[in-house]
Amino acid sequence: MGVHGLTTYVDGNKNFLQDVKFRNSRLIIDGCSLYFRLYFSHCLDQQYGGDYYDFYVLLSQFLSALEACNIQPYVVLDGGIDPSDKKFSTIRQRLQSKIKEADNLSHGRRGSVLPILTRDLFIQVLGQRGIPLFQCPFEADKEIACLAHQWNCPVLSNDSDFYIFDLPGGYMPLHFFQWTNLNGKASHRYISARCYTTAGLCRWFGGMNKMLLPLCAVLSGNDYGAPKGVENFLQLLDENARKDRGKGIPRIESVLVWLSSFPNPKEALEEVSRLMKNEVNSQYLKSELWAAMQEYCIPPHSPLALWFSESRVVPSDWIHNLPACFSQEGPQGLLSPMVVDAVVMNRVILIPQVENSKLASSHNCARVLRQAVYGILLLRRHETQGISQGTRGSTGRGGRGSSRGRGGRGQGTSVSTQPGVNAGASAAPMQVAQGASVPVCVEEYDRMDLNLKKNQVEAQVPKSPVHLDTLNQASVAVRLCVLLEVLGIKESDLAPVPVHLRLAVAVTGFWLREARPTPSQVHLQALVLGLVYGELSWTTQTGAAPRQHTTPPMNLPAERNVLIGLNRLRLRQWDRQGLDVGVAHSLSQWQACLWSALCLNQVLLLPTLEPRLPWLFSGTLVHGLVRYLKAGQVAESLLPGGTLSAQLYSSLLAAVKKCSSKIPQHSSAGQRGKRGRQRGSRGRGRGGRGRGARGTRGACRGRGAIRELDNMFAALMSDDEFDDGW
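- As recorded in an unreviewed UniProt entry, the chain goes by Asteroid domain-containing protein and comes from Takifugu rubripes.
- Under the UniProt heading Sequence similarities (unreviewed entry), the entry covering the chain gives this text: "Belongs to the asteroid family."

This is how it looks when you write it as structure tokens:
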């Protein structure tokens, strides 16, 4: 959320913030605020698609700083969109703004767009470092405040709503948290910070009742908006403030001054009602204000306290809103918020990227992946023949919005819902004539030109049998079969590829088939060189020991020279030649495909390993490699013959080309493509979309899914390294 003008006002008054030497404490971290703050405040690349390794280093340094000061972090993340829909108007406005900022970046102008895999990398690194994490089903602010209140420890965030919550341990704004400059001796290190409490603010306003602060937030305007009639009331306050105290008084201050004259919220609400009685329904206005104030009411006990305990009790919100098979994955952050949005609201937000705004959105090429996600989540095959033939409608699963028709290759009966309506809870089953079908659709919000557009996207069920109700009982092989079917990949094509790169290679083959315009050979070579660079970086930095008897033997000095040569081609931010928007669009499509495939992998409960995101893609490097290759240089010239990197490049390139070949028509993917062309979808397969990687702490680590061949490329990752969480 956020209270308009409050951060600027508090930051400008030194009396509201107390300097502290922070150490030896628990700390509740607003995860979304943290990764946005870290990425945007340290000048990391946004124009070229992101440099994920740089973000990984920065996040690791932050976590190490907390550890050095004996600070125990507990990270809480937002999940899906608030199902009340109160905030959706604000979300649409922000999306529209981000679309324009992404376009600014594509033309070399200033903008601020978070690379698409940042959140997933954040969760992956937290898992690898063993940092306690909880992902809320929806908005996290209240859960964060409740836990901090129960534990009497501070909150670290950039959300001005925490100036309103009554937190006895205080609120530390991220921009005052000086973690890059530790102080004190080794055993007594601390982080200089500034801490806010509601008690300090209320003292400044003559001992104002803290219970009036929620009314201040609602009147001043937060992300949920204000009831009709409030703006007129605020204008009246502004006029009175100018008369009493002169020009220049901030609106937030005029509200606080006015509220400080009342002993409690009830009397303040009565006065608002009295002043507005001739303009709006005053009783309605009062009730609306009171309801909005409850967003800041902190319950006495936090369900997150039990989650963070050894018992790991799943909060009821997750149980009530998602299928049982996701009850552990969702809270751990191993499930994309897109899944929650699709199930609860039949609505999904697609993240803007830097691309060519004159072409179709980069998310278009991954639509069939998301369709498979929607099909798995929202459609169910019924075993009774009458239902499977379309003789009657279907109902939801009893939870919110998870309406599912008869599955079966897109031929099922469905429950249609309006935006914001929970199908399972309130929608009546549709009666469908025998043989007829009504598609289940999900609203996708995406870019068209420079405008935000709503698209109805039909859910599609993969041919391979998978049932949501029994998904966690299905074997790894069955779930992997679904994943590969949707991607249109044969398992044998991935056999020579290191296990942790197989999903990325499969996605790259899918991207070659589906992206428009079709990626060039140069784009493909640059991407594969980027994968090789990431593998070499990980191997040399971690000192991972290759397996014995590899051919060729691992020559670390030679491989380091390869790294140095590749790194020299990296572009600098705001390069003089400017961004090649065609390259940017092609690589944004690749990231969109990976994002969607990662989500599908998560929905299928990780039948294959997720890639190590910090080492997977570097925008400045891949753009630089494209420029180098376009100038007529040969990719192999960067990889001296006989090195392991040269062999890895050759193997990955060959595997990608195999994966990009169309599967014969008798296969499931081929039949799907034929039907897709009849629908005008250019023969694409089905699928789901995903967000970056989680740690490999899921039930399956992929060993039983694909046979791990003992070849030279497996030298880059030993079994022991799997167990380290990567």
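Re the overall build of the chain
- Looking only at helices and strands, the chain features 27 helices and 11 strands.
- Residue burial in the chain is summarised as follows: out of 726 residues, 60% are buried.
- Of all intrachain contacts in the chain linking residues separated by at least 6 positions in sequence, the fraction that spans at least 24 positions is 77%.
- As displayed, the chain offers around 28,400 Å² of accessible surface, 49% of which is attributable to carbon and sulfur atoms.

Considering the nonpolar core
- Ile-28, Phe-122, Phe-177, Phe-326, Tyr-374, Leu-377 and Leu-487 are the most contacted members of the largest nonpolar core, which totals 205 residues.
- The residues that make up this core include at least three from each of domain 1 (6-79 + 136-296) and domain 2 (337-379 + 440-660).
- Aside from chain neighbours lying at most four places away, what touches Ile-28 is Tyr-74, Val-76, Ile-144, Leu-147, Ala-148, Trp-151, Cys-153, Pro-154, Val-155 and Leu-156.
- Counting residues in each nonpolar core, the second largest holds 8 residues, with Tyr-48, Val-354, Leu-579 and Ala-584 among its members.

Some points on the side chain of Thr-508
- Mapped onto the secondary structure, Thr-508 falls in helix α20 (residues 502-514).
- If we skip the residues at most four places from it in the chain, Thr-508 touches Leu-524, Trp-590 and Val-656.

Notes on the pairing of strand β3 (residues 71-77)
- Most of β3 is tucked away: 6 of the 7 residues are buried.
- As paired strands, β3 and strand β4 (residues 133-135) are joined by 3 bridges and run parallel to one another. In the strand pairing of β4, Val-75 is matched with Leu-133.

Examining the sheet that holds strand β10 (residues 441-448)
- Strand order in the open sheet formed by 3 strands is β9-β10-β11, and the pairing between neighbours is mixed. With partners counted over all chains shown, the strands left at the sheet margins are β9 (347-349) and β11 (451-458), one partner each. Neighbour-to-neighbour, the strand axes of the sheet open up by a mean angle of 30°, direction not taken into account.
- As defined by bridge partners, β10 adjoins β11 across 8 bridges and the pair is classed as antiparallel. Its bridge partner lying in β11, Asp-446 is registered against Lys-453.

Brief notes about empty space enclosed by the protein
- Using the criterion set out here, one finds 11 cavities of 30 Å³ or more in the structure.
- Of the pockets and cavities examined, the largest cavity occupies roughly 60 Å³.
- Gln-46, Gly-49, Val-113, Leu-114, Pro-115, Ile-116, Gln-353, Val-354, Ser-588 and Gln-591 are the residues that line the largest cavity.
- Split into classes, the residues belonging to the lining of the largest cavity amount to 5 nonpolar, 5 polar and no charged.

A short note on the layout of surface pockets
- There is about 1,600 Å³ of room inside the largest pocket.
- Lining the largest pocket are 46 residues, with Cys-32, Tyr-35, Phe-36, Asp-78 and Arg-94 sitting closest to its centre.
- Sorting the residues of the lining of the largest pocket by element identifies α2 (31-40), α4 (88-106), α5 (118-129) and α15 (337-345) as the ones contributing at least two each.
- Per element, the largest residue contribution to the lining of the largest pocket is 6 residues, and it comes from α2.
- Class assignment of the residues belonging to the lining of the largest pocket gives a composition of 19 nonpolar, 12 polar and 15 charged.
- Residues from two domains meet in the lining of the largest pocket; each of domain 1 (6-79 + 136-296) and domain 2 (337-379 + 440-660) gives at least three.

Quick notes on the confidence of the model for the chain
- Predicted confidence across the chain gives a mean pLDDT of 83, with 80% of residues reaching 70 or more.
- Ignoring residues within four places in sequence, the model shows residues 381-436, a span with pLDDT below 50, making 142 contacts including any to other chains.

Overview of the pattern of salt bridges
- Considering all chains together, one arrives at 18 salt bridges under this definition.
- A salt bridge links Glu-271 to Arg-274; its shortest N-O distance comes to 2.6 Å. You can see Glu-271 and its partner Arg-274 sitting in helix α11 (residues 265-275), 3 residues apart, about one turn around the helix.
- As a salt-bridge pair, Arg-612 and Glu-535 come within 3.5 Å of each other at their nearest N and O atoms. Placement of Arg-612 in the loop between α23 (581-603) and α24 (619-630) and of Glu-535 in helix α21 (residues 521-542) is noted, with a sequence separation of 77 residues between them.

Here's the deal with the packing of helix α19 (residues 476-487) against α23
- Running from N to C, α19 and α23 cross one another at 155°; their axes reach a closest spacing of 10 Å. As judged from the angle between their axes, α19 and α23 are roughly antiparallel. The crossing of α19 and α23 is right-handed. Two secondary-structure elements touch here, α19 through Leu-483, Val-486 and Leu-487 and α23 through Ala-597, Leu-600 and Asn-601.
- Its residues assigned to classes, the contact of α19 with α23 comprises 5 nonpolar, 1 polar and no charged.

Thoughts on the pairing of strand β2 (residues 25-30)
- Of all 6 residues in β2, 5 are buried, a share of seventy percent or more.
- In the sheet, β2 pairs with β3 via 6 bridges, with the strands oriented parallel. Looking at β3, one finds that Ile-28 is bridged to Tyr-74.
- Judged from the 2 bridges that link them, β2 and strand β5 (residues 155-157) form a sheet pairing that is parallel.

What about the packing of aromatic side chains?
- This structure, assessed with the given rule, holds 26 aromatic pairs.
- Plain terms: the ring middles of Phe-134 and Trp-307 are 5.7 Å apart, the flat faces sit at 65° to each other, and that makes the pair edge-to-face. Taken as a pair, Phe-134 in strand β4 and Trp-307 in helix α13 (residues 303-307) lie far apart in primary sequence, 173 residues in all. Like Trp-307, Phe-134 is buried.

What to know about the packing of α23 against α24
- Interhelical geometry of α23 versus α24 gives an angle of 125° and a closest axis separation of 11 Å. Classified by the angle their axes make, α23 and α24 are oblique. At the point where α23 passes α24, the crossing takes the right-handed sense. Counted together, Val-583, Ala-584 and Leu-587 of α23 and Val-622, His-623, Val-626 and Lys-630 of α24 form the full contact between these two elements.

Some details on the environment of Trp-574
- Within the secondary structure, Trp-574 is located in the loop between α22 (556-567) and α23.
- In this structure Trp-574 touches Gln-47, Tyr-48, Leu-105, Gly-108, Arg-109 and Arg-110, once residues within four positions along its chain are discounted.

Re α5
- If you check α5, its first and last C-alpha atoms are 17 Å apart, about what 12 residues at 1.5 Å a residue would give, namely 16 Å.
- With respect to burial, α5 is a largely interior element, 10 of its 12 residues being buried.
- Buried within α5 we find Thr-118, Arg-119, Asp-120, Leu-121, Phe-122, Ile-123, Gln-124, Val-125, Leu-126 and Gly-127.
- Two residues or fewer past α5, Gly-130 is found with a positive phi of approximately 75°.

A look at unusual backbone geometry
- Of note, the amide linkage connecting Arg-516 to Pro-517 takes the cis form, showing an omega dihedral of 0°.
- Inspection of the secondary structure assignment puts Pro-517 in the loop between α20 and α21.
- Even without being glycine, Asp-85 reaches a positive phi, approximately 70°.
- Of note in this structure, Leu-606 is not a glycine but carries a positive phi near 55°.
- In this structure, Leu-606 sits in the loop between α23 and α24.

Parameters and conventions
Residues numbered from 1 in each chain as written. Predicted model: local features only at pLDDT ≥ 70, side-chain atom pairs only at ≥ 80, totals over all residues. Heavy atoms only, no water. UniProt positions renumbered as here; feature names shortened; annotations may be inferred. Helix = DSSP H or I, 4+ residues; strand = E, 2+ residues; numbered from the N terminus. Buried < 20%, exposed > 50% of the residue type's maximum accessible area, 1.4 Å probe, protein only. Contact = heavy atoms within 4.5 Å. Areas by Shrake-Rupley, 256 points an atom, 1.4 Å probe, with all protein chains shown as cover. Core = buried A, V, L, I, M, F, W, Y, C linked by side-chain atoms within 4.5 Å. Domains from an automatic or database assignment. Pairing = 2+ DSSP bridges. Axes fitted to C-alpha atoms, helices over the stretch in contact; angles between N-to-C directions. 1 Å grid on protein atoms, 1.4 Å probe; cavity = no way out; pocket = protein on both sides within 12 Å on 5 of 7 lines; lining within 4 Å. Points joined across faces, edges and corners; volume = space filled by probe spheres on them. Nonpolar A, V, L, I, M, F, W, Y, C, P; charged D, E, K, R; others polar. pLDDT = per-residue confidence, 0-100. Salt bridge = Lys/Arg side-chain N within 4 Å of Asp/Glu carboxyl O. Parallel < 35°, antiparallel > 145°, perpendicular 65-115°, else oblique. Left-handed = near helix turned anticlockwise from the far one by under 90°. Phe/Tyr/Trp six-rings, centres within 6.5 Å; stacked < 30°, edge-to-face > 60°. Expected span 1.5 Å × (residues − 1).

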